[in-house]
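For reference, the chains in residue letters:
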Amino acid sequence: MKQKTTIATISEPPENTESVAVISVGAENAEFANLTASLTEIRKLKGVLGYILRSNNSAIIDLNEQDKIIEYAILSSQIAESSLEIAKQFSVTDIESVLVEGKSVKVLCMSVGENRISVFMEKTATHAWIIKRILL
Amino acid sequence: MIFRNNGQTVANTEATTEDQTKKLILNFGNIALQAETIGGIENLTIQAVDSQLSINAMNNLYLATVSSRAANPEIVKSLTYVLVPTVVRLIDQLASVPSENQTSQTVQIEEEPAEENPVEEPAQIVEEKPQAEPEPIPEPQPQFEPLPPKTPIYQFMVEKLTGMLVQADTVRIDGEVIAKWTELYDGKEIKIVNIEALDGKKTTCKLKAIKESKSNAKGVIQIPERILQTLQTEKGKLVMVKPVVE
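This report concerns the structure included in the present document. (Residues numbered from 1 in each chain as written. Chains lettered and ligands numbered in written order. Predicted model: local features only at pLDDT ≥ 70, side-chain atom pairs only at ≥ 80, totals over all residues. Heavy atoms only, no water.)

1. Structural notes on the sheet that holds strand β7 (residues 170-173) of chain B
All names here are of chain B.
Here is step 1: Around the barrel, 6 strands lie side by side as β6-β10-β7-β9-β8-β11; this closed barrel has mixed pairing. Within the sheet, the average angular offset between the axes of one strand and its neighbour, ignoring direction, is 45°.
Here is step 2: Relative to strand β11 (residues 238-244), strand β8 (residues 192-197) is paired through 6 bridges, and the arrangement is antiparallel. Paired with isoleucine 192 across the two strands is valine 244, which belongs to β11.
Here is step 3: The sheet contacts of helix α6 (residues 175-184) involve β6 (154-161), β7, β8, β9 (202-209) and β11, and relative to β9 the element is tilted by about 105°. (Pairing = 2+ DSSP bridges. Helix = DSSP H or I, 4+ residues; strand = E, 2+ residues; numbered from the N terminus. Axes fitted to C-alpha atoms, helices over the stretch in contact; angles between N-to-C directions. Contact = heavy atoms within 4.5 Å.)

Here it is in structure tokens:
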């Protein structure tokens, strides 16, 4: 069941389609809206399992597996936080992207301004194109 | 830099400081914990404008490299995915060979007294075998005692041990690790460990195996409140644990 849950300023009625969870929270800004559009496009790519977009006051979670929403949200937050620390230790500055590959799934994390993006995809999916698309 | 999945450093470049090593392992460990949901980490790449940092899994080891993005990606790939893992595997294989060499060396030393006779009567040997070269006098060789096994240091994530029957002076870790230590020290039972927090606070305490299922015990040390206070550490932090052989 596609579930679009809206809290605060965004309000869309729930739709009954395939098993996808979309949760949107907060007020958007122009950059956030642009990224949402890009991610909606990326979401349609083969092998992309979903994404999390987060800014200081807004968030969108769009993932295939609803039962993993919390785990994926914690993971993406941990990647963003810990990778910054690791990069700082080795003077790796101006981070473009962080890619974490698991056994079956890989996560691409990026920061654009105040917005944090995590794209979850199958290992066979091409992440390089996604990086280019987001940095456009 | 190469480190084990329990946080132990195997090798690093001279330029890498201890603080860098600790922080890298700590932060990587934090990600790895959450990455269980995607089947653990096989590869982590932080890509910046000019440089990139990669951490690649090699069985139970992780290889961390920092490279310039100007570097030939094919060469970097060959180094991190082929060359270094192969060398590490070779070293692992060679690590088992010295013990065999040591045994044969001991055998040679034991055989030496039998060769002393020809040295005592060189004239007779020359008469009987004129073409044979005189055997060199064996130099006395020092008897080397085998070195004691290097004390392994493991890194564990702290869990608070609570309950009515908890012994305040005893920590608990995975039974498999205790068994490995016992095996390493020729069956000596390990009852005491030294624990060191990342900020250098140390303590010595008793040791027991975790009672829970094996999967929950991996990489975790259960510490009672009093020892947590001594180490000034808390749940989720990493500590280094060294067995004490009595």
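Now that the structure is up, let's keep going.
2. Overview of the layout of surface pockets
Here is step 1: Here the second largest pocket defines a volume of roughly 560 Å³.
Here is step 2: Where the lining of the second largest pocket is concerned, the elements lending two or more residues are β5 (95-101) and α3 (127-135) of chain A together with β3 (43-48), β4 (51-58), β5 (61-68) and α2 (73-95) of chain B.
Here is step 3: A total of 6 residues in the lining of the second largest pocket trace back to one element, the largest contributor, which is α2 of chain B.
Here is step 4: A per-class count over the lining of the second largest pocket returns 7 nonpolar, 12 polar and 4 charged. (1 Å grid on protein atoms, 1.4 Å probe; cavity = no way out; pocket = protein on both sides within 12 Å on 5 of 7 lines; lining within 4 Å. Points joined across faces, edges and corners; volume = space filled by probe spheres on them. Nonpolar A, V, L, I, M, F, W, Y, C, P; charged D, E, K, R; others polar.)

3. Describing a nonpolar patch on the surface
Here is step 1: A grouping of Ile75, Leu79, Leu83, Val87 and Ile91 of chain B is seen on the molecular surface, where their side chains present a nonpolar patch of about 440 Å² in accessible area.
Here is step 2: Relative to the helices and strands, leucine 79 of chain B is located in helix α2. (Patch = residues over 30% accessible without salt bridge, like charges linked within 9 Å, V, L, I, M, F, W, Y side chains within 5 Å. Areas by Shrake-Rupley, 256 points an atom, 1.4 Å probe, with all protein chains shown as cover. Salt bridge = Lys/Arg side-chain N within 4 Å of Asp/Glu carboxyl O.)

4. A few points about α2 of chain B
Residues and elements named next belong to chain B.
Here is step 1: For α2, with 23 residues, the first-to-last C-alpha span of 32 Å sits near the 33 Å given by 1.5 Å per residue.
Here is step 2: Of all the bends in α2, the greatest, near 40°, is centred on leucine 79.
Here is step 3: Within α2, burial applies to Val76, Thr80, Pro85 and Val88.
Here is step 4: Packed against the buried residues of α2 are β1 (2-4), β4 and β5.
Here is step 5: Where α2 begins, the capping side chain belongs to asparagine 72, and its oxygen is found 2.9 Å from the backbone nitrogen of glutamate 74. (Expected span 1.5 Å × (residues − 1). Bend = angle between axes of the 7 residues up to and from the residue. Buried < 20%, exposed > 50% of the residue type's maximum accessible area, 1.4 Å probe, protein only. Polar contact = N/O pair within 3.5 Å; in protein donor to acceptor, adjacent residues only side chain to side chain.)

5. Some points on the pairing of strand β6 (residues 105-112) of chain A
All names here are of chain A.
Here is step 1: Here β6 lies mainly inside the structure; 7 of its 8 residues are buried.
Here is step 2: One ladder, built from 4 bridges, connects β5 with β6; its direction is antiparallel. Its bridge partner lying in β6, valine 98 is registered against cysteine 109.
Here is step 3: Connecting β5 to the next strand, β6, in antiparallel fashion are 3 residues.
Here is step 4: When β6 meets strand β7 (residues 115-122), the two strands line up antiparallel, connected through 8 bridges.

6. Focus on the packing of helix α2 (residues 69-89) of chain A against helix α1 (residues 18-34) of chain B
Here is step 1: Look at α2 of chain A against α1 of chain B: their axes get within 9 Å of each other, and the N-to-C directions meet at 170°. Of the possible angle classes, the one that applies to α2 of chain A and α1 of chain B is roughly antiparallel. Contact residues: α2 of chain A offers Ile74, Leu75, Gln78, Ile79, Ser82, Ser83, Glu85, Ile86 and Gln89 of chain A, while α1 of chain B offers Asp19, Gln20, Lys23, Leu24, Asn27, Phe28, Asn30, Ile31 and Gln34 of chain B.
Here is step 2: Residue composition of the contact of α2 of chain A with α1 of chain B, grouped by class: 7 nonpolar, 8 polar and 3 charged. (Parallel < 35°, antiparallel > 145°, perpendicular 65-115°, else oblique.)

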